[in-house]
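Analysis of the macromolecular model
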Amino acid sequence: LKCFLRGQPFSSVRFSRHGETFAYLKLDADGIDSETRLRNRRALEDALGAALGDDALGAVVGSGLGVRYAYVNLALANFGAAVHRVIEVARGQRAPNRAWLLFMDGELRQEWVGVWDDTPEPTL
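A few words now on helix H4 (residues 79–92). Taking 1.5 Å of rise per residue, the 14 residues of H4 would be expected to cover 20 Å, and the 20 Å separating its terminal C-alpha atoms lies within 8% of that figure. Along H4, the residues that are buried comprise Ala82, Val83, Val86, Ile87, Val89 and Ala90. For H4, the angular spread of the buried residues around the axis is 165°, confining them to a single face. For H4, the exposed residues lying more than 90 degrees away from the buried face are His84 and Gly92.

Given below as structure tokens:
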């Protein structure tokens with residue numbers, strides 16, 4: 001996470017023992033009070049942890065709250081199925097329209113998946 005946050009080169013292969021791809025869910029929490037933001041993020045973390053772990057699709061590996069956004073850091077195994085499950089869970093938890101699954105790897109940094117069909121492009 002330190003390499004990623006500093007904008008240094010990052011490759012999931014370097015930090016994974018089982019071939020996971022590191023990603024994060026970024027959710028716009030603008031205008032939501034801090035207690036509600038934290039409660040919502042924790043509920044999402046719990047739901048993601050259960051949904052990914054039950055089928056060995058990955059794990060929640062961290063989280064955070066910024067000034068405007070909430071973040072849930074993920075290690076995704078079985079990439080395609082895991083991405084689908086993350087989106088499914090985020091929708092079930094009523095993620096905001098401005099919510100994205102983004103990737104930490106340098107070669108995937110410009111890639112993103114919107115939680116909703118009409119999710120706007122993120123600021124990268």
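Moving on, we come to the packing of helix H3 (residues 34–54) against H4. Direction vectors running N to C along H3 and H4 enclose 145°, while the axes themselves pass 10 Å from each other. You can see that H3 and H4 cross each other, and the crossing is right-handed. On H4, the residues that touch Leu44, Ala47, Leu48, Ala51 and Leu52 of H3 are Ala82, Arg85, Val86, Val89 and Ala90. Residues of the contact of H3 with H4, tallied by class, amount to nine nonpolar, no polar and one charged.

Summed over the entire model, instances satisfying the criterion amount to six salt bridges. For Glu45, the salt bridge goes to Arg41, with nearest N and O atoms at 2.8 Å. Note that Glu45 and Arg41 are positioned in helix H3 at a spacing of four residues, about one turn of the helix. Salt bridges sharing partners connect three or more residues here, namely Asp28, Arg68 and Arg98.

Here we come to the packing of aromatic side chains. Counted under the stated rule, the structure contains four aromatic pairs. A centroid spacing of 6.3 Å and a plane angle of 45° characterise the contact between Tyr24 and Tyr71, whose relative ring orientation is tilted. Placement of Tyr24 in strand S1 (residues 21–28) and of Tyr71 in strand S3 (residues 69–76) is noted, with a sequence separation of 47 residues between them. Members of the aromatic cluster, each reached through a chain of ring pairs, are Tyr24, Tyr69, Tyr71 and Trp100. The side chain of Lys26 reaches across the aromatic face of Tyr69, ending 4.2 Å from its centre.

What counts and how
- Residues numbered from 1 in each chain as written.
- Predicted model: local features only at pLDDT ≥ 70, side-chain atom pairs only at ≥ 80, totals over all residues.
- Heavy atoms only, no water.
- Helix = DSSP H or I, 4+ residues; strand = E, 2+ residues; numbered from the N terminus.
- Expected span 1.5 Å × (residues − 1).
- Buried < 20%, exposed > 50% of the residue type's maximum accessible area, 1.4 Å probe, protein only.
- Arc of directions from axis to C-beta.
- Axes fitted to C-alpha atoms, helices over the stretch in contact; angles between N-to-C directions.
- Left-handed = near helix turned anticlockwise from the far one by under 90°.
- Contact = heavy atoms within 4.5 Å.
- Nonpolar A, V, L, I, M, F, W, Y, C, P; charged D, E, K, R; others polar.
- Salt bridge = Lys/Arg side-chain N within 4 Å of Asp/Glu carboxyl O.
- Phe/Tyr/Trp six-rings, centres within 6.5 Å; stacked < 30°, edge-to-face > 60°.
- Lys NZ or Arg CZ within 6 Å of the ring centre and 35° of its normal.

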